[in-house]
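Take a look at the letters that make up each chain.
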Amino acid sequence: MQNGKKTALICGMAKSGIASAILLYKNGYKVIINDMKSEISGLQEALKDIEYVNAMGQEPETLLDGVDLLVLSPVIPIFKPFARKAQDMGIEVIGEIELGYRYCHRGAKFVCISGTNGKTTTTALTGELFKAAGKRTFVLGNIGIPITERAMEVKDGDVIVAEVAALQLESIKSFRPNAFGMLNITEDHLNRFQYKMENYIAAKCRGFENQTPQDFAVLNYDDPIVRDMAKLTRARVLYFSQKQDVENGMLLRDGYMIWRLDGHEQRLIHRSELQIPGDHNLENAMCAATLALCMGLEPAAVCRGLKAFPGVEHRIEFVATKGGVDYYNDSKGTNPDAAIQGIKAMSKPTVLIGGGYDKQSEYDEWIDSFDGKVKCLVLIGQTREKIAECARKHGFDKIRFADTYEECLKLCTELAQPGEAVLLSPACASWGMFPNYEVRGQLFKEYVHGLAE
């Protein structure tokens, strides 16, 4: 400690680390910043208004003496040896969403969304539903704005709609969603969770553990793993389902979304009135509407919001038609199951861009989903040989390799003919070649917009 101040060590200086450092400094902490990289572009500018100790590039284990609070980036496992040592020393170890939650006004409501796929779309849509109902709403979390960045602005009665990933939920303590929606569970981030699916699921399910009987757990009845999560929460369970006539929650009848609670029914909108296409987006819309209605929003406002929502950037996003070729940006397809939805949305012969960082995913189902739609698969990144081997095993050999992203994009333009499509839906994370999937998607869009007609 110094001058009676508590000391916080922030490990991992991406968006959440920067926001955590600023928040803690403003609340009286001495702040130490640390990352495995010794330098990060733009970091000094981002932290220009606070004082801090720069321990970039140093081993975190050497920085623990005198530390009261250790805040971990979501990409750093809580079981890392230095984190365990910190706990043994009596240092509190938490992640960014726990920190942000603690500094939000207790009178605010937290509405959270998790699952493997569809989180970003569902979070954005849920936020729009609350805004359409006139609620002061913050859309935060894994969607791109850390909770810590806006926590001090949150007032009594505000709503925080937050996308929360397993990597973030792993380190919570008091974090409590008033409504927690779980979309689906498929393999993802297994390299981060010691290659055990049960560890990944357990981290996801931590979002239920602090809920009370006054809260809501909104679960996808059509996903058996998610359906069984009902036993993990004390909250009231509501289901959403495209297939079953659920007793309480959201069901589908004759194409209409039907809200049912305690014996009362309310018909909402027909699925054709959604601007976001596909069964996966209907699933997302049903979850979002259930979250909004269980928190007391009027059905008319929810219907307005559902009809108006245009979708999210980087998720099966139409970019432009150039030279008779349609270009789609699905950079958010960072795992095979998410990328399958991108394939399903295509109606023309498609040149597909795949590959990236290896999260130890399996690609068999993704390759099988090509179903005659994929004209050629252009592969980049760390996983390209692994994916190519899998594709050949399934009888697909129309494969090209590219060493750089620019080479890849040029190759796709040459391969695609008028009346066809180019789809960026990599089935892999962006790390290694790009800072995040947003940069990958934005560069794709810039390239497409720069093409001649």
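These numbers were taken from a predicted model, which means no experiment stands behind them.

K.L.:
So what exactly am I meant to see when it comes to the overall build of the protein here?
P.N.:
Within the protein, the regular secondary structure consists of 16 helices and 20 strands. Taking 22 Å as the expected radius of gyration for a compact globule of 453 residues, we find that the protein reaches 23 Å, a close match to that expectation. Its C-alpha atoms give the protein principal-axis dimensions of about 70 × 60 × 40 Å. The 453 residues of the protein split such that 57% are buried. As displayed, the protein offers around 19200 Å² of accessible surface, 47% of which is attributable to carbon and sulfur atoms. Of the charged side chains in the protein, 53 are positive and 59 negative, and the gap between their average positions amounts to 3 Å.

K.L.:
Just to check I follow, could you spell out the packing of helix 10 (residues 279-294) against helix 11 (residues 299-308) for this structure?
P.N.:
To characterise two packed helices, one gives the angle between the axes of the helices and the distance between these axes. Running from N to C, helix 10 and helix 11 point in directions that differ by 150 degrees, and their axes come no closer than 10 Å. With respect to each other, helix 10 and helix 11 are oriented roughly antiparallel. Regarding helix 10 and helix 11, the two cross each other, and that crossing is right-handed. For the pair formed by helix 10 and helix 11, the contact residues are Ala285, Ala289, Ala292 and Leu293 on the first element and Pro299, Val302 and Leu306 on the second. Looking at the contact of helix 10 with helix 11 residue by residue, the class counts come to 7 nonpolar, no polar and no charged.

K.L.:
When you look at the nonpolar core in this model, what are you seeing that I'm missing?
P.N.:
Grouped burial of nonpolar side chains is what soluble globular proteins tend to show. Within the largest apolar cluster, 37 residues are counted, with the highest numbers of intra-cluster contacts made by Leu125, Met250, Met257, Leu268, Val302 and Leu306. It is helix 10 that provides the largest number of residues to this core, a total of 10 residues. Beyond its immediate chain neighbours, meaning those up to four positions away, methionine 257 contacts Met250, Leu251, Leu252, Gln266, Arg267, Leu268, Ile269, Leu282, Ala285, Met286, Ala289 and Leu306. Grouped together as the second largest cluster of nonpolar side chains are 35 residues, Ile172, Phe175, Ile185 and Ile201 included.

K.L.:
What is the right way to read the sheet that holds strand 8 (residues 159-163) from this model?
P.N.:
Sheet strands associate in pairs through backbone hydrogen bonding, adopting either a parallel or an antiparallel arrangement. In space, the 9 strands of this open sheet follow the order 7-8-6-9-10-11-12-13-14, with mixed pairing throughout. Among the strands making up the open sheet, the edge pair consists of strand 7 (137-141) and strand 14 (264-270). Averaged over all pairs of adjacent strands, the angle between strand axes in this sheet comes to 20 degrees, irrespective of strand direction. Direction of pairing for strand 12 (residues 249-253) relative to strand 13 (residues 256-261): antiparallel, over a ladder of 5 bridges. Its bridge partner being in strand 13, arginine 253 is matched across the sheet by tyrosine 256. Along the sheet, helix 11 makes contact with strand 13 and strand 14, crossing strand 14 at roughly 25 degrees.

K.L.:
How do you make sense of the pairing of strand 15 (residues 317-322) when you look at a structure like this?
P.N.:
Remember that side chains alternate between the two faces of the sheet whenever the strand is regular. Summarising the sheet, strand 15 and strand 16 (residues 325-329) pair through 5 bridges and their orientation is antiparallel. Counterpart to glutamate 317 in the pairing with strand 16 is asparagine 329. The hairpin formed by strand 15 and strand 16 contains 2 residues between the paired strands, and glycine 323 there has a positive phi angle of roughly 60 degrees.

K.L.:
Mind showing me how you'd approach the packing of aromatic side chains here?
P.N.:
Between two aromatic rings, the relevant description is the distance of the centres plus the angle of the planes. Summed over all chains, the structure comprises 12 aromatic pairs. Here tyrosine 101 and phenylalanine 175 contribute two aromatic rings whose centre-to-centre distance is 5.3 Å and whose plane-to-plane angle is 65 degrees, an arrangement assigned as edge-to-face. With tyrosine 101 in helix 4 (residues 96-103) and phenylalanine 175 in the loop between helix 7 (166-169) and strand 9 (179-182), this residue pair connects regions lying 74 residues apart in the sequence. Judged by its relative accessible area of 0%, phenylalanine 175 falls in the buried class. Members of the aromatic cluster, each reached through a chain of ring pairs, are Tyr363, Trp366, Phe370 and Phe396. If you follow arginine 267 out to its NZ or CZ, it ends over the ring of tyrosine 256, 3.9 Å from the centre.

K.L.:
What's the story with the sheet that holds strand 5 (residues 92-95) in this structure? I'm lost.
P.N.:
A sheet is described by the order of its strands in space; here 5 strands give the open sequence 3-2-1-4-5, paired in parallel fashion. Across the chains shown, the open sheet's two edge strands, defined by having one partner strand only, are strand 3 (53-54) and strand 5. One ladder, built from 2 bridges, connects strand 2 (residues 30-34) with strand 3; its direction is parallel. In the sheet register, isoleucine 33 faces strand 3, and the bridge partner there is asparagine 54. Strands in contact with helix 1 (residues 15-26) are strand 1 (7-11), strand 2 and strand 4 (69-72); relative to strand 1, the strand with the most contacts, it is inclined by about 170 degrees. Helix 4 contacts strand 4 and strand 5 of the sheet and is inclined by roughly 95 degrees relative to strand 5.

K.L.:
Even after reading the chapter, I still don't get the environment of histidine 280, so can you show me in this structure?
P.N.:
Secondary-structure assignment places histidine 280 in helix 10. For histidine 280, a relative accessible area of 15% translates into the label buried. Spatially, the C-alpha atoms of histidine 280 and glutamine 341 are 7.2 Å apart, while their sequence positions differ by 61 residues. Of note is the side chain of histidine 280, whose polar atom sits 3.4 Å from the side chain of asparagine 281.

K.L.:
Just checking my understanding: could you explain helix 5 (residues 119-132) for this structure?
P.N.:
The periodicity of an α-helix, 3.6 residues per turn, causes residues three or four places apart in sequence to face the same way. Counted at 1.5 Å a residue, the expected span for helix 5 with its 14 residues is 20 Å, and the 20 Å between its end C-alpha atoms agrees. A large share of helix 5 lies buried, amounting to 11 of its 14 residues. Those residues of helix 5 that sit buried are Lys119, Thr120, Thr121, Thr122, Thr123, Ala124, Leu125, Thr126, Gly127, Leu129 and Phe130. Glycine 134 occupies a position one or two residues after helix 5 and carries a positive phi of about 85 degrees.

K.L.:
Any chance you could explain unusual backbone geometry here in plain terms?
P.N.:
Glycine aside, negative phi is the norm for most residues, and most peptide bonds take the trans geometry. For glutamine 360, which is not glycine, the phi torsion reads 65 degrees and is therefore positive. Looking at the element boundaries, glutamine 360 is found in the loop between strand 17 (350-354) and helix 13 (364-368). Glutamine 360 sits in the partly exposed class, given a relative accessible area of 32%. Although it is not a glycine, alanine 427 sits at a positive phi angle of roughly 65 degrees. By the element assignment, alanine 427 lies in the loop between strand 20 (421-424) and helix 16 (437-449). On the accessibility criterion, alanine 427 (1% relative accessible area) is buried.

Each value, and the rule that gives it
- Throughout this description, residue numbers start from 1 for each chain and increase along the sequence as written.
- Note on the predicted model: pLDDT of at least 70 is required for a residue's local features to be given, and 80 or more for side-chain atom pairs to be given and counted; whole-chain, interface and lining totals, by contrast, use all residues.
- Only hydrogens and water are set aside; all other atoms, that is, all heavy atoms of the structure, feed into the side-chain values.
- Secondary structure is summarised from DSSP: a helix means a run of H or I of at least four residues, a strand means a run of E of at least two, and numbering begins at the N terminus for each.
- Here the radius of gyration uses the C-alpha set of atoms, whereas the globule reference equals 2.2 Å times the residue count to the power 0.38.
- Each residue's exposure class comes from its accessible area (1.4 Å probe, protein chains only) as a fraction of the maximum for that residue type: buried when under 20%, exposed when over 50%, partly exposed otherwise.
- Per-residue accessibility takes into account occlusion by the displayed protein chains alone, with areas from the Shrake-Rupley method and a 1.4 Å probe.
- Positive charge is attributed to Lys and Arg, negative charge to Asp and Glu, and no charge count is given to His or to the chain ends.
- We put the charge of a Lys on NZ, of an Arg on CZ, of an Asp on CG and of a Glu on CD.
- The convention used is that axes are lines fitted to C-alpha atoms, helices contributing only their stretch in contact, and that angles between N-to-C directions extend from 0 to 180 degrees.
- Comment on the angle field: the value is read as roughly parallel under 35 degrees, roughly antiparallel over 145, roughly perpendicular from 65 to 115, and oblique elsewhere.
- Each crossing gets its hand from how the near helix is turned against the far one by less than a right angle, where anticlockwise is left-handed and clockwise is right-handed.
- Residue contacts follow a heavy-atom distance rule, with two residues in contact if any of their heavy atoms lie within 4.5 Å.
- When residues are sorted by character, Ala, Val, Leu, Ile, Met, Phe, Trp, Tyr, Cys and Pro go into the nonpolar class, Asp, Glu, Lys and Arg into the charged class, and all the rest, Gly among them, into the polar class.
- To define a nonpolar core, start from buried Ala, Val, Leu, Ile, Met, Phe, Trp, Tyr and Cys residues and group those joined through side-chain atoms within 4.5 Å.
- Should DSSP find at least two bridges between two strands, the strands are regarded as paired.
- What counts as a ring pair is set by centres within 6.5 Å for rings of Phe, Tyr and Trp (its six-membered ring), and what kind of pair is set by the plane angle: stacked under 30 degrees, edge-to-face over 60, tilted for all other angles.
- Placement of a charge over a ring requires the Lys NZ or Arg CZ to be within 6 Å of the ring centre, with the centre-to-atom vector within 35 degrees of the ring normal.
- What qualifies as a polar contact is a pair of N or O atoms within 3.5 Å, subject to a donor-acceptor requirement within protein and to the restriction that residues adjacent in sequence count only when both atoms come from side chains.
- A helix is expected to span 1.5 Å for every residue after the first.

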